[in-house]
Every structure is written in C-alpha cells, then in structure tokens.
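# Reading the structure
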Amino acid sequence: MRRILTFKTMILIADSGSTKVHWCLVTASGQCSDVYTDGINPLFQTTIAMQNSISNQLLPQIAPLLWAGTLTHVFFYGAGCTPEKKVFVQKALEAVFKKAEVSVESDMLGAARGLLGHNAGVACILGTGSGSCYYDGHAIDWCVPSLGYILGDEGSAAVLGKRLVGDLLKNQLGDDLKEAFFREYETSMADIIEKVYRQPFPNRFLAKLSKFCADHIEDKRIHDLVYDHFVQFIRRNLVQYQASAPIGYVGSIAYYYKPILEEAMKAEGLPLGTILKDPIEGLKEYHKDAIIPTT
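Worth saying up front: this structure is predicted, and the values here are computed from it rather than measured.

### Considerations on the overall build of the chain
The helix and strand inventory of the chain stands at 13 helices and ten strands. Computed over its C-alpha atoms, the radius of gyration of the chain comes to 21 Å, within 12% of the 19 Å expected for a compact globule of 295 residues. Along the longest, intermediate and shortest principal axes, the C-alpha atoms of the chain span 80 × 45 × 35 Å. The long-range share in the chain, meaning contacts at least 24 apart out of those at least 6 apart in sequence, stands at 65%. Counting only carbon and sulfur atoms, one obtains 53% of the accessible surface of the chain, whose full area is about 14800 Å².

Put into structure tokens, the structure is as follows:
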C-alpha cells in the first residue's frame, strides 16, 4: 500500500505600521508565535530595503520555527500599501518566501478584518498614523483619506507628537512642561528641528515624542490636548460615515488613551465599539481556513 504523507501547514500574518511590524506565525493547531521587526512602509522604503529588513530581522527569529511545517501563505497588511505601492512589498516578500502564496493589502483592510471579521461597519486605526473606513464585510467600501501626518492623520501618534512639540516650542503649555520635556528626552529645539526636517522617518520620531503625553496625562493641559486631538479625528473623519453601529478601533493610541477616546466619542455623540491594540487576533480567526493539511 502506498503511504500518504501529511504535512502541517503554517501561515504568516503581518500587521505593519511605520514604526514596527507584528508578525504572527500560525500553525495548523492554532498555535501562534509572535515576533517584531522595524516598520515596513513602501512610501518610504525601496523594495531592496524592505527585503533586507525581512531577511535580516524576521528570518533569524522565525527560522527555528519553520521545521514544524510548510509555510504556504503570507498575509501582509501594511501602512502605505496602496494599490500602486503594495506590489513593491509583494516583491520583497516573494523574494524571501519563494514557495509561499503572498497577499499584500492595506493596514486599513487588516484593521477592518481584525475588528469586524465578516460583518459590515466602520473601522479606525490610531497608531503612528491614522485611518478610517466603511467595511462591507469583505472589502473596504469607501474611506475618508488619511493624507499622512503633514496634511492629515488626525488622532495619530505622529500628529499628537507634532502638536505637542509645536505647542511646547511655541510656549503654549507652560515653562514647567517645556523644561520637563527637554529634560526627559535629553533634547533641544535644534535637535528636534534637525530630526524633523533633515533626517529620515520624522513621523516615527514625532510618534515617539508623543509618549510624553501618556506620562503626563494627569496634567489638565495634556489631557485637553489629547482630548482635542481625538475630537479633530472624529469631526474631520468619522462624522462623514453617519454610522449607527459602534465604531471599532485598533492601534496603540486608541488602546492606551482609551478613557479619553471614550470621553470624546461620547461628547460627539458616536457609539464606541471594540478597541484593540492590534488586529492580529482577529486576523488569525479571519484567515484560519488557509491553515489546512497538505498531502
């Protein structure tokens, strides 16, 4: 009798922002191994740079795990993965994972699928960048453009950092907070100008500075800054969807500032749904059908 060999399959799911990528290697039994690398964004990186990041940062972490099965699918959801740009991420992934089927979609679609599964509704991202969309249960039906941290990205860490630094340097928040900021970050106005205007990834730099708000959130001046930050996101984005169902969020800013986000949503008369730090758990459920034994 001919023996039929059955191999376990694995899939790799990625949720990528401009600051970091959360990778999850999922086995047929549902076990998940989480690893992290620097952010991948085709708006700021070449295909070679993204490929090198995957090869040098991701592979050394997951290589010891790949003996347990065959990697058949890579589902990558990332910031900057527009229809025009996602092909460059796909090429980088295919160059590393030559035998796997690679799918690249926007981080916004990843957030929607992670939050809503196959149900329709409004999904939002508040991380390094921000975004929102109306999701029909399968794909994004329409969205208000986020426009990046220079023209938009209200509610994001980068814009919160930008507003914070601008207010501090313009003497809008008091000398005590300004001095505390310079002391805690061991920085200066000249250093900030250099990193924002002359060095790469200013959005990442500004996003890191926004942590000052979390550390000083009990100060009314900082609380009011963060509250207004969320109100701007709601008024410039969410009201356009005219949603009646609860609105879900993913991202570190939504997660860590949840009480203030709840306050702003309530004041603006919008129903708040689920808030997740990232969408990986929901995406594992969404893509579970791709993990099947192969013979």
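### What to know about the sheet that holds strand 3 (residues 32-38)
Taken in spatial order, the five strands of this open sheet run 3-2-1-4-5, and their pairing is mixed. Edge strands, defined here as strands with exactly one partner in the open sheet, are strand 3 and strand 5 (101-106). Neighbour to neighbour, the strand axes of the sheet diverge by 15 degrees on average, direction disregarded. Judged from the seven bridges that link them, strand 2 (residues 20-27) and strand 3 form a sheet pairing that is antiparallel. Opposite His22, over in strand 3, you have Tyr36 as the bridge partner. Sheet strands in contact with helix 3 (residues 107-116) are strand 1 (9-16), strand 4 (70-78) and strand 5, and its direction is about 95 degrees off that of strand 5.

### What about the packing of aromatic side chains?
Taken as a whole and judged by the stated rule, the model has ten aromatic pairs. On the numbers, 6.4 Å between centres and 50 degrees between planes, the contact of Tyr185 with Phe212 is tilted. Here Tyr185 is found in helix 6 (residues 175-185), whereas its partner Phe212 is found in helix 9 (residues 211-215), with 27 residues between them in sequence. Among the aromatic side chains, those forming a connected cluster through ring pairs are Phe181, Phe182, Tyr185 and Phe212. Over the ring of Phe201 we find Arg204; its NZ or CZ atom is 3.9 Å from the centre of that ring.

### Points about the sheet that holds strand 8 (residues 140-142)
If you trace the five strands from one edge of the open sheet to the other, you get 8-7-6-9-10, paired in mixed fashion. Either end of the sheet is taken by a strand with one partner, and the two such strands are strand 8 and strand 10 (272-276). Between one strand axis and the next, the sheet turns through 35 degrees on average, direction left out of account. Pairing geometry for strand 6 (residues 121-126) and strand 9 (residues 247-250), over three bridges, is parallel. Following the sheet pairing, Ile125 is matched in strand 9 by Val250. Sheet strands touched by helix 3: strand 6, strand 7 (130-135), strand 8, strand 9 and strand 10. Its angle to strand 6, the strand with the most contacts, is close to 120 degrees.

Analysis parameters
- Residues numbered from 1 in each chain as written.
- Predicted model: local features only at pLDDT ≥ 70, side-chain atom pairs only at ≥ 80, totals over all residues.
- Heavy atoms only, no water.
- Helix = DSSP H or I, 4+ residues; strand = E, 2+ residues; numbered from the N terminus.
- Rg over C-alpha atoms; globule rule 2.2 N^0.38 Å.
- Contact = heavy atoms within 4.5 Å.
- Areas by Shrake-Rupley, 256 points an atom, 1.4 Å probe, with all protein chains shown as cover.
- Pairing = 2+ DSSP bridges.
- Axes fitted to C-alpha atoms, helices over the stretch in contact; angles between N-to-C directions.
- Phe/Tyr/Trp six-rings, centres within 6.5 Å; stacked < 30°, edge-to-face > 60°.
- Lys NZ or Arg CZ within 6 Å of the ring centre and 35° of its normal.

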